[in-house]
Amino acid sequence: MWISSAPLRVSLAGGGTDVPGYAHRFGGLVLGATTDLRVTVVGRAAGAHRHIRACLDACSSTASGGVTNPFAREALSRHWDGSPLDLASFADVPGGSGLGSSSAFSVALVAGLEGGRLTAAEAAEAASSIEMHGLGRPVGRQDQYLSAYGGFRVLDFHRDGTVTVEEVPVEAEFVRRLDEELLLFFTGRTRDAGEVLGEQNARVGRSDRDTERRLHEIKALTPLALDALKNNDATALGHVLAAHWELKRRLGSRVSLPSVERAYSDALDAGATGGKLLGAGGGGYFLVHTPAAGREEVRTALTAHGFTEQPFRFDRRGVRVSAVDPAD
């Protein structure tokens, strides 16, 4: 039996520039970090039946590999020999909530199926291929790379399709400060990232100049966020989040929601320096920076809109696979 887990991430700057329609023409640049929220997958070679028995979104048993979950179905077709298998997964957050849970699941599953032999880059590429090529989803690769590697990372998506991964050294004391000042709230709505990104991809595909300009400006925020981390400046990072959201919310009609706009406005009035919806937008989790002095006021403002706080801390661990002997 093996247990594999991969972290969920928060994107701090540059999100959206990793999507191939943009990255292959201009190059993408993303800064993100992983959290202590994770997706865990458990697998066990099964001798009591002749099927693949999966408890993922729901439990199913199949002899042909026709597992209901599309990510698992594609991963099994590529990374499993079809022998009897029990498979189950657990996540710390709902799917479709902007923290990269689908990608973390794919990274954890592939790493587990391959017995922990894959490097971080190999796990990231395998998971990316499952989602982008196998399932044809119009998404980027930041989620898979962040989940596989872990920590604070700058990801440079080159026009030729290669990816450069750079670890960002952040002082431990400043990480602890970010743990306190960056608050995460669930909006109560989930969505499919591929559907939200579809409109953006279509605009980039037809060389929509306004969309390209906004993505250029979003990419230009990545060095500013990197400087904020290196200079231990949480307020500057909050301002980057605010600038990112102002650009991102106009990338497509499905990115933002009136309820989010009202809640964000009240959070700013209560003392927040900036924030944004994570992932593609359209719901999910909202990340907001709040100095210590206004933290409780911001919490009150967002909970008044029905948002639910999700405690988290930054965690440098990437994907992890361990073998377990059930007899022990």
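See the structure above.
Residues numbered from 1 in each chain as written. Predicted model: local features only at pLDDT ≥ 70, side-chain atom pairs only at ≥ 80, totals over all residues. Heavy atoms only, no water.

Draft legend 1. Spotlight on the overall build of the chain. Each helix and strand in the chain was counted, giving 11 helices and 12 strands. Across the 328 residues that make up the chain, the buried fraction comes to 55%. Counting contacts in the chain only where the partners sit at least 6 residues apart, residues at least 24 apart contribute 77% of the total. For the chain, the accessible area works out to roughly 13400 Å², and carbon and sulfur atoms hold 49% of it. (Helix = DSSP H or I, 4+ residues; strand = E, 2+ residues; numbered from the N terminus. Buried < 20%, exposed > 50% of the residue type's maximum accessible area, 1.4 Å probe, protein only. Contact = heavy atoms within 4.5 Å. Areas by Shrake-Rupley, 256 points an atom, 1.4 Å probe, with all protein chains shown as cover.)

Draft legend 2. Just the layout of surface pockets, in detail. By volume, the second largest pocket is sized at about 150 Å³. Within the residue set of the lining of the second largest pocket, elements represented by two or more residues are α1 (20-26) and α4 (120-134). Class assignment of the residues belonging to the lining of the second largest pocket gives a composition of 3 nonpolar, 5 polar and 3 charged. (1 Å grid on protein atoms, 1.4 Å probe; cavity = no way out; pocket = protein on both sides within 12 Å on 5 of 7 lines; lining within 4 Å. Points joined across faces, edges and corners; volume = space filled by probe spheres on them. Nonpolar A, V, L, I, M, F, W, Y, C, P; charged D, E, K, R; others polar.)

Draft legend 3. Highlighting the packing of aromatic side chains. Going through the model one piece at a time under the given rule, you end up with 7 aromatic pairs. Ring plane angle 10° and centroid distance 6.1 Å describe the contact between Tyr145 and Tyr149, whose orientation is recorded as stacked. One end of the pair, Tyr145, and the other, Tyr149, are both in helix α5 (residues 142-149), 4 residues apart, so they sit about a helical turn from each other. In this structure Tyr145 comes out as buried when scored by relative accessible area, which is 5%. (Phe/Tyr/Trp six-rings, centres within 6.5 Å; stacked < 30°, edge-to-face > 60°.)

Draft legend 4. Focus on the sheet that holds strand β10 (residues 285-289). Taken in spatial order, the 4 strands line up as β9-β10-β8-β11 in an open sheet, and their pairing is antiparallel. Bordering the open sheet on either side are β9 (274-277) and β11 (308-309), each of which pairs with just one other strand. As defined by bridge partners, strand β8 (residues 182-186) adjoins β10 across 5 bridges and the pair is classed as antiparallel. The residue bridging Phe186 from the neighbouring strand is Tyr285, located in β10. Lying over the sheet, helix α9 (residues 234-248) contacts β8, β9 and β10, oriented at roughly 45° with respect to β9. (Pairing = 2+ DSSP bridges. Axes fitted to C-alpha atoms, helices over the stretch in contact; angles between N-to-C directions.)

Draft legend 5. Molecular detail of the packing of helix α2 (residues 70-79) against helix α3 (residues 101-113). Between α2 and α3, the shortest axis-to-axis distance is 10 Å and the interhelical angle comes to 25°. By the criterion of interaxial angle, the relationship of α2 to α3 is roughly parallel. Crossing handedness for the pair α2 and α3: right-handed. Contact residues: α2 offers Phe71, Ala72, Ala75, Leu76 and His79, while α3 offers Ser102, Phe105, Ser106, Leu109, Val110 and Leu113. Of the residues belonging to the contact of α2 with α3, the class tally is 8 nonpolar, 3 polar and no charged. (Parallel < 35°, antiparallel > 145°, perpendicular 65-115°, else oblique. Left-handed = near helix turned anticlockwise from the far one by under 90°.)

Draft legend 6. Looking closely at the environment of Ala111. Of note, Ala111 is situated in helix α3. Spatially, the C-alpha atom of Ala111 lies 9.1 Å from that of Ala127, the residues being 16 residues apart in sequence. When residues no more than four places from it in sequence are discounted, the contact partners of Ala111 are Ser4, Gly116, Val319 and Val321.

Draft legend 7. Geometry of the pairing of β8. A large share of β8 lies buried, amounting to 5 of its 5 residues. In this sheet, β11 lies alongside β8 in antiparallel orientation, the contact comprising 2 bridges. Along β11, the bridge assignment pairs Phe186 with Thr308.

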